Amino acid sequence: QVQLLQFGGGLVKAGGSLRLSCAASGRTGSANAMAWFRQAPGKEREFVAGISWSGGSTYYADSVNGRFTIFRDSARNTVYLQMNNLKPEDAAVYHCAADGRDIVQLVTTGRAEYWGQGTQVTVSS
């Protein structure tokens, strides 16, 4: 089992920045890929950014590419999502996810073995 504990989030004005973190514990060696997803009210959950734990390959949704950065701290078993130039449409509950499959499968299927508790990001215009 892998436990994911999220930190960060909150309220920010449009154009501002926030950083989310997701700390993994337990059998972290089984998590080959980690990613961030988000879900806004009335919308389906969507992929935001993903990273392969071993090689650090990163993937981004078109809507956040160039504004968001996903990176990892292997020593702390933590993945971060740095969000810059936030827009009102970025407002959502953000969840981190971890999976034993490769990052491409996690990104394309949106299915993960482990999920964080979720954190609210609110962007005021």
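Residues numbered from 1 in each chain as written. Predicted model: local features only at pLDDT ≥ 70, side-chain atom pairs only at ≥ 80, totals over all residues. Heavy atoms only, no water.

Student: Whenever I open this one, the state of the cysteines confuses me. Can you help?
Tutor: Here, the word disulfide means a covalent bond between the sulfur atoms of two cysteines. Enumeration over the complete set of coordinates arrives at one disulfide. The disulfide partner of Cys 22 is Cys 96, and the S-S distance across this bridge is 2.1 Å. Given an S-S torsion of about 55°, the disulfide between Cys 22 and Cys 96 has right-handed geometry. Placement of the pair is Cys 22 in strand E3 (residues 18-26) and Cys 96 in strand E9 (residues 92-99), with a sequence separation of 74 residues. (Disulfide = S-S within 2.5 Å. Helix = DSSP H or I, 4+ residues; strand = E, 2+ residues; numbered from the N terminus.)

Student: Help me out: how do you make sense of the pattern of salt bridges in this one?
Tutor: Close approach of charged atoms allows side chains with opposite charge to pair. On inspection of all chains with the given rule, the structure shows five salt bridges. For Arg 38, the salt bridge identified is with Glu 46, shortest N-O distance 2.6 Å. Asp 90 is the salt-bridge partner of Arg 38, the closest N and O atoms lying 2.9 Å from each other. One end of the pair, Arg 38, is in strand E4 (residues 33-39); the other, Asp 90, is in the loop between strand E8 (78-83) and E9, and 52 residues separate them in sequence. Judged by its relative accessible area of 5%, Arg 38 is buried. Take Asp 90: its relative accessible area is 0%, and that puts it in the buried class. (Salt bridge = Lys/Arg side-chain N within 4 Å of Asp/Glu carboxyl O. Buried < 20%, exposed > 50% of the residue type's maximum accessible area, 1.4 Å probe, protein only.)

Geometric values such as these leave the question of function open.
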